[in-house]
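# Architecture and fold: a report
Okay, here's what each chain looks like letter by letter:
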Amino acid sequence: MSSSATRSIRSRDAQVIANIGRLRFSPLAPIRGEGVHLVDESGRRILDLSSSGCPAVLGYGHPEIVQAVEDAARSMAGASLLLYPNEHAVGLAEDLLRLTPGTGKRRVWFGHSGSDANDCAVRVLQAATRRSRFISFIGSYHGNVSGSMAVSGHTAMTHTLPRPGLVLLPYPDSYRGEFSAEQVLQLLDYQFATTCPPDQVAAVFMEPLMSDGGIIVPPPGFLAAVQERCRAHGIRVVVDEVKVGLGRTGLWHCFEHEGLEPDLVIFGKALGGGLPISAVVGAADILDHAPAFALQTTAGNPVASAAARAVLRVCERDRLPHAAARLGAQLQAGLRDLARTETMIGDVRGRGLAVGVELVADRAEKAPVPVTTTAKVIFRAYELGAAFIYVGLRGNVLELTPPLTISPAQLDEGVAIIAQAILDVREGVVSDEQVAPFMMW
Ligand SMILES: *Cc1c(COP(=O)(O)O)cnc(C)c1O
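Parameters and conventions
Residues numbered from 1 in each chain as written. Predicted model: local features only at pLDDT ≥ 70, side-chain atom pairs only at ≥ 80, totals over all residues. Heavy atoms only, no water. Helix = DSSP H or I, 4+ residues; strand = E, 2+ residues; numbered from the N terminus. Rg over C-alpha atoms; globule rule 2.2 N^0.38 Å. Buried < 20%, exposed > 50% of the residue type's maximum accessible area, 1.4 Å probe, protein only. Lys, Arg positive; Asp, Glu negative; His and termini not counted. Charge placed at Lys NZ, Arg CZ, Asp CG, Glu CD. Axes fitted to C-alpha atoms, helices over the stretch in contact; angles between N-to-C directions. Parallel < 35°, antiparallel > 145°, perpendicular 65-115°, else oblique. Left-handed = near helix turned anticlockwise from the far one by under 90°. Contact = heavy atoms within 4.5 Å. Nonpolar A, V, L, I, M, F, W, Y, C, P; charged D, E, K, R; others polar. Pairing = 2+ DSSP bridges. Near = heavy atom within 4 Å. Polar contact = N/O pair within 3.5 Å; in protein donor to acceptor, adjacent residues only side chain to side chain. Areas by Shrake-Rupley, 256 points an atom, 1.4 Å probe, with all protein chains shown as cover. Core = buried A, V, L, I, M, F, W, Y, C linked by side-chain atoms within 4.5 Å. Domains from an automatic or database assignment. Expected span 1.5 Å × (residues − 1). Arc of directions from axis to C-beta. Patch = residues over 30% accessible without salt bridge, like charges linked within 9 Å, V, L, I, M, F, W, Y side chains within 5 Å. Salt bridge = Lys/Arg side-chain N within 4 Å of Asp/Glu carboxyl O. Buried area = accessible area lost by both parts, 1.4 Å probe.

## Focus on the overall build of the protein
Within the protein one finds 13 helices and 16 strands. Whereas a compact globule of 441 residues would reach a radius of gyration of roughly 22 Å, the protein reaches 21 Å, a difference of no more than 12%. Here the C-alpha coordinates of the protein stretch approximately 55 × 55 × 40 Å along the principal axes. Going through the 441 residues of the protein one by one, you find that 56% of them count as buried. Of the charged side chains in the protein, 40 are positive and 45 negative, and the gap between their average positions amounts to 2 Å.

## Describing the packing of helix H2 (residues 63-74) against helix H9 (residues 302-317)
The N-to-C vectors of H2 and H9 enclose an angle of 150°; their axes lie 8 Å apart at closest approach. As summarised for this structure, H2 and H9 are arranged roughly antiparallel, according to the angle between their axes. In terms of crossing hand, the pair formed by H2 and H9 is right-handed. Across the interface between the two elements, Glu64, Ile65, Ala68, Val69, Ala72 and Ala73 of H2 pack against Pro302, Val303, Ala306, Ala307, Ala310, Val311, Arg313, Val314 and Arg317 of H9. Its residues placed into classes, the contact of H2 with H9 shows 12 nonpolar, no polar and 3 charged.

## Some words on the pairing of strand S1 (residues 30-34)
As paired strands, S1 and strand S2 (residues 37-40) are joined by 4 bridges and run antiparallel to one another. Within the sheet, the bridge partner assigned to Glu34 lies in S2 and is His37. Connecting the antiparallel pair S1 and S2 is a turn made up of 2 residues, with Gly35 showing a positive phi of about 60°.

## Regarding the site of the ligand
As a structural note, the neighbourhood of the ligand is formed by Ser113, Gly114, Ser115, Asn118, Tyr141, His142, Gly143, Glu207, Asp240, Val242, Lys243 and Lys269. Ser115 is positioned with one of its side-chain polar atoms (N or O) 2.5 Å from an oxygen atom of the ligand. Contact between the ligand and Tyr141: a nitrogen atom at 3.0 Å from a main-chain N or O atom of the residue. In the complex, the protein chains occlude 86% of the 380 Å² of accessible area that the ligand would expose alone. The leading source of residues in the shell around the ligand is helix H4 (residues 114-129), at 3 residues. Class assignment for the residues of the shell around the ligand results in 2 nonpolar, 6 polar and 4 charged.

## Thoughts on the nonpolar core
In terms of nonpolar packing, the biggest core is built from 108 residues, with Phe137 and Leu271 touching the most fellow members. Counting residues per element, this core draws most heavily on H9, at 10 residues. No fewer than three residues from each of domain 1 (3-61 + 319-438) and domain 2 (65-317) sit in this core. When residues no more than four places from it in sequence are discounted, the contact partners of Leu271 are Leu92, Leu96, Leu246, Ile277, Ser278, Ala279, Ala308, Val311 and Leu312. Residues Leu125, Phe134, Val238 and Ala294 belong to the second largest nonpolar core, which totals 22 residues.

## Side note on helix H6 (residues 181-193)
Because an α-helix packs 3.6 residues into every turn, residues spaced three or four apart end up facing the same way. Taking 1.5 Å per residue as the helical rise, H6 with its 13 residues ought to reach 18 Å, and the 18 Å between its terminal C-alpha atoms agrees with that figure. Every buried residue belonging to H6 is among Ala181, Val184, Leu185, Leu188, Gln191 and Phe192, and all of these are buried. The buried residues of H6 occupy an angular sector of 115° when projected down its axis, which confines them to one face. Opposite the buried face of H6, at more than 90 degrees from it, the exposed residues are Glu182, Gln186, Tyr190 and Ala193. Looking at the buried residues of H6, the elements they touch are strand S5 (133-137), strand S6 (167-169), strand S7 (201-206) and helix H7 (222-231).

## Side note on a nonpolar patch on the surface
On the surface, a nonpolar cluster with roughly 430 Å² of combined accessible area is contributed by Leu82, Leu83, Tyr84 and Leu295. Position of Leu295 relative to the elements: it lies in the loop between helix H8 (284-287) and H9. Judged by its relative accessible area of 53%, Leu295 falls in the exposed class.

## Quick notes on the domain arrangement of the protein
One frequently used descriptor of interface size is the decrease in accessible area upon assembly of the parts. The domain architecture assigned to the protein consists of domain 1 (3-61 + 319-438) and domain 2 (65-317). Across the contact, 39 residues belong to domain 1 and 38 residues belong to domain 2. Per-residue buried area on domain 1 facing domain 2 is highest for Pro321, Arg351 and Leu393; these three make up 24% of the total on that side. For Arg351, the salt bridge goes to Glu258, with nearest N and O atoms at 3.0 Å.

## A look at the pairing of strand S12 (residues 354-362)
Sheet faces and side chains relate simply in a regular strand, where the side chains alternate between the two faces. Of all 9 residues in S12, 7 are buried; the element is thus mostly enclosed. For strand S11 (residues 345-351) and S12, the ladder comprises 6 bridges, and the chain directions are antiparallel. Counted as the bridge partner of Val348 is Val357 from S12. Hairpin connection, S11 to S12: the antiparallel pair is bridged by 2 residues, and Gly352 has positive phi, about 55°. Examined bridge by bridge, S12 and strand S16 (residues 397-400) share 4 bridges and lie antiparallel to one another. By the bridge assignment for S16, Gly356 is matched with Glu399. The pairing of S12 with strand S13 (residues 367-368) spans 2 bridges and is antiparallel.

## Looking at the packing of H6 against H7
It is at 10 Å that the axes of H6 and H7 come closest, and there the two elements cross at 15°. What the angle tells us is that H6 and H7 run roughly parallel. The hand of the H6/H7 crossing is right-handed. For the pair H6 and H7, contact is made by Ala181, Val184, Leu185, Leu188, Asp189 and Phe192 and by Phe222, Ala225, Val226, Arg229 and Cys230, respectively. Its residues assigned to classes, the contact of H6 with H7 comprises 9 nonpolar, no polar and 2 charged.

Written as structure tokens, this is what we have:
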């Protein structure tokens, strides 16, 4: 028998899981989850302030997801939406069309991840519009398969070239103020007037709240102004709700805060409550463009679709968008309170339960802390009992995206752990060696 029974999951992980597919921010290796907690091999319960990076929108082991999955798996009505329609996928598409604002004839496409959904959007838009250029934003993350990677602008993607003709615009960050909304709009006008004729552009991809780029809330009216300019030239608008959609920001859709009317909306992560499913919702003239165009055999399979229906049902019945607004206000207030005395916190921002804490070495200069410092805060918080990750182009933003089912008391506990972790890191409790394996982005 192998030694796998005695060696920790973490040490076995390092031996067998490919490095190109890992993002480990701390030593946490859960063996199970319960509600908003992950439980590790020693039985320690860790408060998950990241929802595993957002999929676990209802936490872990939610009884309605469990029941839906069990029922759908027990009487599995086929395993491929491509070959046969199934009640769960068709019902889920109906739910998504009902919950997503939009006009005209619309359709739903299902995939497995945010990455394949954005990839499908790129290809179908190119085919349907007969235009091949795209616009997106520096800092945006649309996925990690070739097509979606190629319209992303994250620093973690610079190993792979963007697609030819992609125009990357700065995403105005009101904390850093490097580019104002007006300057970016001017740059877009200038691009259209010179080297990027707008009639070559199929679509603009936008995150309604830039997530992996650093939890950046766009200035009021900015994205709507981009939309207006694009619409004037027949350029389609794609809104990527993969990370912050489905209630997290306090409204069902983050784009509703921005007054956007997208042609295509991309859903993922929270949609499956932890199971792999993604969706593109939008204009039939795009999504009906061609049969056999974006085929993935198990996408829209009854089990993942049933889980997603359970997620939407619970979110709607328990008014979780409303809860996210209330809990998010509490979380932000707690962190702002902490920032009054903790000078390492340069900025606290976000919408609902999508909250970023930007760490700085110098408040006046807004100089970012080194990424080792961010990693140490995350490591120390894990030791103290809370899990979350960091994002941002400078690797200095703590990303807090807890399950929408978290309680006010648990949020307070999370803020207290963050406060203690920052204090401990300042006092040198965590060494460089300890975080060396966890410098992820
Ligand atoms: C995570 C993410 C994706 C990619 O989703 P995966 O499920 O990881 O493939 C796309 N867009 C945004 C905004 C994301 O945060």
